[in-house]
Amino acid sequence: RLGRVFMRRMLATVGGLALGLCFSQFPEYAQQYEQRLGGAVDELRAITTEFDNAAQQAGLSRQQAFSRYEASPDSFLAGRGVSMQTVFARYDELSADLADLQGASPLQRVEHLGQYLDSDVGARALANYKPAVPVTLEGLAWGLAGLVLGYFALYPLLGFLTLPLRWRRGQSPHRKAFRRA
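Because the structure is a prediction, the values reported are computed rather than measured.

Reading the values: rules and limits
- Residues numbered from 1 in each chain as written.
- Predicted model: local features only at pLDDT ≥ 70, side-chain atom pairs only at ≥ 80, totals over all residues.
- Heavy atoms only, no water.
- Axes fitted to C-alpha atoms, helices over the stretch in contact; angles between N-to-C directions.
- Helix = DSSP H or I, 4+ residues; strand = E, 2+ residues; numbered from the N terminus.
- Contact = heavy atoms within 4.5 Å.
- Nonpolar A, V, L, I, M, F, W, Y, C, P; charged D, E, K, R; others polar.
- Phe/Tyr/Trp six-rings, centres within 6.5 Å; stacked < 30°, edge-to-face > 60°.
- Buried < 20%, exposed > 50% of the residue type's maximum accessible area, 1.4 Å probe, protein only.
- Parallel < 35°, antiparallel > 145°, perpendicular 65-115°, else oblique.
- Left-handed = near helix turned anticlockwise from the far one by under 90°.
- Salt bridge = Lys/Arg side-chain N within 4 Å of Asp/Glu carboxyl O.

Caption draft 1: Main features of the packing of helix H3 (residues 62-71) against helix H4 (residues 75-102). One can describe the packing of H3 onto H4 by two numbers: an axis separation of 7 Å at closest approach and a directional angle of 145°. Counting all contacts with H3, which are made through Arg-62, Phe-66, Tyr-69 and Glu-70, the residues of H4 involved are Leu-77, Ala-78, Arg-80, Gly-81, Met-84, Gln-85 and Phe-88. Split into classes, the residues belonging to the contact of H3 with H4 amount to six nonpolar, two polar and three charged.

Caption draft 2: Highlighting the packing of aromatic side chains. Under the defined criterion, the tally for this structure stands at seven aromatic pairs. For the ring pair Phe-51 and Phe-88, a centre distance of 5.5 Å and an interplane angle of 75° mean the geometry is edge-to-face. Of the two residues, Phe-51 is situated in helix H2 (residues 26-57) and Phe-88 in helix H4; the sequence distance between them amounts to 37 residues. Each member of the pair Phe-51 and Phe-88 is classed as buried. Ring centres of Tyr-151 and Tyr-155 lie 5.7 Å apart, and the angle between their planes is 15°; on these two criteria the pair is classed as stacked. Of this pair, Tyr-151 and Tyr-155 both sit in helix H8 (residues 137-161), four residues apart, which is roughly one turn of that helix. Here the aromatic cluster, defined as three or more aromatic residues joined through ring pairs, consists of Phe-51, Phe-66, Tyr-69 and Phe-88.

Caption draft 3: Quick look at the packing of H2 against H4. Contact pair H2 / H4: the axes reach a minimum separation of 9 Å and the direction vectors enclose 140°. Our classification of the angle between H2 and H4 gives oblique. Crossing of H2 over H4 shows left-handed handedness. Mapping the contact onto sequence places Tyr-33, Glu-34, Leu-37, Gly-38, Ala-40, Val-41, Leu-44, Arg-45, Ile-47, Thr-48, Phe-51 and Asp-52 in H2 and Met-84, Val-87, Phe-88, Arg-90, Tyr-91, Leu-94, Ser-95, Asp-97, Leu-98, Leu-101 and Gln-102 in H4.

Caption draft 4: Local environment of the environment of Leu-11. Within the secondary structure, Leu-11 sits in helix H1 (residues 2-24). With 140 residues separating them in the primary sequence, Leu-11 and Tyr-151 have C-alpha atoms 8.6 Å apart. Those residues in contact with Leu-11, other than ones at most four positions away along the chain, are Leu-154 and Leu-158.

Caption draft 5: Just the pattern of salt bridges, in detail. Scanning all chains against the criterion turns up four salt bridges. Of the charged contacts in the structure, one is a salt bridge between Asp-42 and Arg-45, with a shortest N-O distance of 2.8 Å. Of this pair, Asp-42 and Arg-45 both sit in helix H2, three residues apart, which is roughly one turn of that helix. On the accessibility criterion, Asp-42 (44% relative accessible area) is partly exposed. With its nearest N and O atoms 4.0 Å apart, the salt bridge here joins Asp-120 to Arg-90. Of the two residues, Asp-120 is situated in helix H7 (residues 120-127) and Arg-90 in helix H4; the sequence distance between them amounts to 30 residues. On the basis of relative accessible area, Arg-90 is assigned to the partly exposed category, the value being 28%.

Caption draft 6: A look at the environment of Thr-13. Relative to the helices and strands, Thr-13 resides in helix H1. Accessibility expressed as a relative area gives 34% for Thr-13, which makes it partly exposed. Sequence separation of Thr-13 and Val-148 is 135 residues, and the distance between their C-alpha atoms is 8.9 Å. With sequence-adjacent residues up to four places away left out, Thr-13 is seen in contact with Leu-147 and Tyr-151.

Read these as layout, nothing more, since geometry by itself doesn't imply function.
Below, the structure is given as structure tokens:
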């Protein structure tokens, strides 16, 4: 019996350590995501600035330039206008995301977890992710949280999964009660 309890605790500890290691990588992934997001924002800023400068040189506002695209009988030019409007919308969206992340505390970053994984930028960051040793307080806290969560999730699960083995060997606490009766 003592050996089984020890084995369960050891497996739960190993599972907790594994989950802790995975959790400790979140701050590094978030940093790599933020860097990629910053790069995307910088690139879109260059495109939008170039468009605005070209419109200004022609004596047009951004909206007037878009109106010219829309009014063009050439389907290619009309399509380019729609494409540029999409670029401006994407720039605004990613700029707002970046501003939110740059001002976020470590706990507030958890709120952005879905965004980290469910976006084009997030997918590219994950595809090129390089693990790092968590030496920051945030990384260590994530690692500890994963360890505790992993241990306390795996220990009862292992107990439940090994329950039929204990019953077969006649070591169920319920069997002892039946023997006494």
